[in-house]
2 protein chains.
Amino acid sequence: MGKKFGIDVGGTGVKIGYFDNDELVDKFNIPTNKENNGSEVIKEISDAVKAYATERGIDLNDIDGYGFGIPGPVQNNIATICPNLGWINYDVKKEFNKYIVCDNVAVANDANVAAAGEFWVVGSGVRNLVMLTFGTGVGGGIIVDGKVIEGANGAAGELGHIPSKIEGGNQCGCGNTGCLETIASATGIVTEAKKALLESNKESTLRHSADLTAKEVFDAAKSGDIVALECVDQLGKYVGIACANIAATVDPDLFIIGGGVSAAGEILIDTIKKWYTQFAMKPFKDTPFEIAKLGNDAGIYGAAYITTK
Amino acid sequence: MGKKFGIDVGGTGVKIGYFDNDELVDKFNIPTNKENNGSEVIKEISDAVKAYATERGIDLNDIDGYGFGIPGPVQNNIATICPNLGWINYDVKKEFNKYIVCDNVAVANDANVAAAGEFWVVGSGVRNLVMLTFGTGVGGGIIVDGKVIEGANGAAGELGHIPSKIEGGNQCGCGNTGCLETIASATGIVTEAKKALLESNKESTLRHSADLTAKEVFDAAKSGDIVALECVDQLGKYVGIACANIAATVDPDLFIIGGGVSAAGEILIDTIKKWYTQFAMKPFKDTPFEIAKLGNDAGIYGAAYITTK
């Protein structure tokens, strides 16, 4: 209910959504100004919000809340470390309130916020949801009893860093090896496919690609390419096992799969489910998996949603 | 605050604790009557509570709440399946209210309840806690923001069924293979030690044990026995990795290690931490591990605690 802004702060652009009565009315983008360790980002967002409000005749006193999704861990509205923007222990609410005064400013990690967005639109009957986002990296968000969980260090839902390949895993950006992200991110999928091509002498259309992409791996698999099918199977295995792990911990009603890689659709979901079913315990063996519905809008929806919690 | 009963229902005995002003005043046991699919268990508990109250001059109208820990999954006070007792979709609160009327009856899984008990005594500063219990089986409980989480199927915190040994894992009681329980329960530790002895030709004091126990494995490791040390290291590896998984999901303030196996003490904690640190992501690499404080009383404490939530 009421009027809200949902603000999804990314490393290159900021997406701003205006919601009235739980409906998205408008959305627009501004570039992310990363100069001076991102010191102008919040000011420029507030300028954009003010300009939009003026243009549409919206009185900012009527706004119920502002929600922010931030590309890094967040604790109590503080962005603890945000390498993309240069923020360290940055009080987003306090900074925003310098320009726009509102008590209800909610701040959360961007992957958590995306999970909240999907949760918002998934409808009733679901109270617990886990979202995994497969893109350049692998992110996640955990909703327990309708609420995004943050964790002791703002790192709940860092599902890309579930240890997956224990022996011989690739180096992850986080410093460890064998994290789920090294296998299941768009980059990870390509790295693993190239390794599979080297280790196999089977013919594959993937051998003829000049600059292999995750999409090509899925497309080849859909066309029956054996090496590509093996790659998708390995990917599904690690994701499925990670999900069985997650389910033994929080037992969600539903898994949502999002991010650019999720465009692969049914073949991805089916392969994940095949492996999940093998390793998940009986009480949660039938937990459903769905493709995310909101695409790139999950962040603004979720940011608006967290102002209501 | 107030007066409560905490009731820990086990497969062979029921432990009942009486709490006044958050202090345990008395505890006593009755045997679990498993006849007729456990139809008399709740009646006999209420009889024991009434007898205790009469003896001590306690007016049952002054009792604020009754909490139950149940050996099986629980949803909304219903024990969905409880093979030890013979209960299926058993409404514990409704049954108890036939004999003792009280609105505040809280029911939860026994491992979740034990986690709640440890949470209660751990003191302030901790809002999120994960407890793992290593005994005949491996159980777990997850506290998020001060509250036990139950999950969509009452199976949140089923940490013994985290898939751990993906290739060549042993059969688990749950029907899957390679669950954490197959490695880290008292039985699992012995099975793995026997396998290690067969696969190695190193001398070991364990070879001279007539009926090997988990305690003997730890004792031998503490005395420097190489095979036993390798067994403890493998155990710590799988538990440490499982904890890194759990932390990427819920990011607790603290891990608590309980159950009979936890009597091994420092060597167990140190080995788990060594592996945890290697696989855990930076934000939660330093999450502390502690041995459970309440021992067999965790269930009655936790059962009393959940009446306050």
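Heads up: the structure comes first, above all this text.
Residues numbered from 1 in each chain as written. Chains lettered and ligands numbered in written order. Predicted model: local features only at pLDDT ≥ 70, side-chain atom pairs only at ≥ 80, totals over all residues. Heavy atoms only, no water.

We now examine the pattern of salt bridges. Opposite charge on two side chains allows them to pair when their charged atoms are near. Under the definition given, this model contains 34 salt bridges over all chains. The salt bridge partner of Lys147(A) is Asp145(B), with a shortest N-O separation of 4.0 Å. One end of the pair, Lys147(A), is in strand β11 (residues 147-148); the other, Asp145(B), is in the loop between β10 (138-144) and β11 (147-148), on a second chain. On the accessibility criterion, Lys147(A) (44% relative accessible area) is partly exposed. Using a relative accessible area of 45% as the deciding quantity, one classes Asp145(B) as partly exposed. Between Lys3(B) and Asp20(B) there is a salt bridge, with the nearest N and O atoms lying 3.3 Å from each other. Here Lys3(B), found in strand β1 (residues 3-9), pairs with Asp20(B), found in strand β2 (residues 13-20); they are 17 residues apart in sequence, far enough to count as distant. (Salt bridge = Lys/Arg side-chain N within 4 Å of Asp/Glu carboxyl O. Helix = DSSP H or I, 4+ residues; strand = E, 2+ residues; numbered from the N terminus. Buried < 20%, exposed > 50% of the residue type's maximum accessible area, 1.4 Å probe, protein only.)

A few words on the packing of helix α6 (residues 186-199) of chain A against helix α8 (residues 226-250) of chain A. Residues and elements named next belong to chain A. Between α6 and α8, whose axes approach to 10 Å, the crossing angle comes to 130°. As summarised for this structure, α6 and α8 are arranged oblique, according to the angle between their axes. The crossing of α6 and α8 is right-handed. Within the contact between the two elements, α6 uses Ile-189, Ala-193, Ala-196 and Leu-197 and α8 uses Val-227, Cys-231 and Leu-235. The class makeup of the residues in the contact of α6 with α8 is seven nonpolar, no polar and no charged. (Axes fitted to C-alpha atoms, helices over the stretch in contact; angles between N-to-C directions. Parallel < 35°, antiparallel > 145°, perpendicular 65-115°, else oblique. Left-handed = near helix turned anticlockwise from the far one by under 90°. Contact = heavy atoms within 4.5 Å. Nonpolar A, V, L, I, M, F, W, Y, C, P; charged D, E, K, R; others polar.)

Residues and elements named next belong to chain B. Across the sheet, which stays open at both edges, the three strands sit in the order β5-β6-β7 with antiparallel pairing between neighbours. A single partner strand is all that each edge strand has here, and the edge strands are β5 (74-75) and β7 (87-91). With two bridges joining them, β5 and strand β6 (residues 78-82) adopt antiparallel strand pairing. Looking at the pairing, Val-74 lines up with Ala-79 of β6. Against the sheet, helix α3 (residues 92-99) engages β6 and β7, with an angle of about 60° to β7. (Pairing = 2+ DSSP bridges.)

The next point concerns the pairing of strand β9 (residues 129-134) of chain B. Residue and element names in this part refer to chain B. Here β9 lies mainly inside the structure; five of its six residues are buried. What sits between the antiparallel neighbours β9 and β10 is a turn of three residues. Across five bridges, β9 lies against strand β12 (residues 254-258) in parallel orientation. Directly across from Leu-132, in β12, lies its bridge partner Ile-257.

On to the interface of chain B and chain A. Each partner contributes to the interface: chain B provides 45 residues, whereas chain A provides 45 residues. In total, chain B and chain A occlude about 3,300 Å² of area from one another, counting both sides; carbon and sulfur atoms represent 57% of this. The largest contributions to the chain B side of the interface with chain A come from Thr249(B), Phe279(B) and Met281(B), which together make up 19% of the buried area. The tally of links between chain B and chain A comes to four salt bridges. Its salt-bridge partner being Glu167(B), residue Lys237(A) comes within 2.6 Å of it at the nearest N-O pair. Applying the counting criterion to the chain B and chain A interface returns 24 residue pairs in polar contact (both at pLDDT 80 or more). Mapped onto the side of chain B that touches chain A, the elements with two or more residues apiece are β10, α8 (226-250) and α9 (266-279) of chain B. (Buried area = accessible area lost by both parts, 1.4 Å probe. Polar contact = N/O pair within 3.5 Å; in protein donor to acceptor, adjacent residues only side chain to side chain.)

What follows concerns the packing of α8(B) against α9(B). Helix packing geometry: the angle between the two helix axes and the distance between the axes. Residue and element names in this part refer to chain B. Two elements in contact, α8 and α9, have axes whose closest approach is 7 Å; the angle formed by their N-to-C orientations is 50°. Classified by the angle between their axes, α8 and α9 sit oblique to one another. The two elements α8 and α9 cross, and the hand of that crossing is right-handed. The residues of α9 that touch α8, namely those facing Leu-229, Val-232, Asp-233, Leu-235, Gly-236, Lys-237, Val-239, Gly-240, Ile-241, Cys-243, Ala-244 and Ala-247, are Ile-267, Leu-268, Thr-271, Ile-272, Lys-274, Trp-275, Tyr-276 and Phe-279. Of the residues belonging to the contact of α8 with α9, the class tally is 14 nonpolar, three polar and three charged.

Residue and element names in this part refer to chain B. Among the residues of helix α7 (residues 214-222), those classed as buried are Ala-214, Val-217, Phe-218, Ala-220 and Ala-221. What you see down the axis of α7 is that its buried residues fit within an arc of 160°, all on one side. Each element contacted by the buried residues of α7 is listed here: α6 (186-199), α8 and α9. (Arc of directions from axis to C-beta.)

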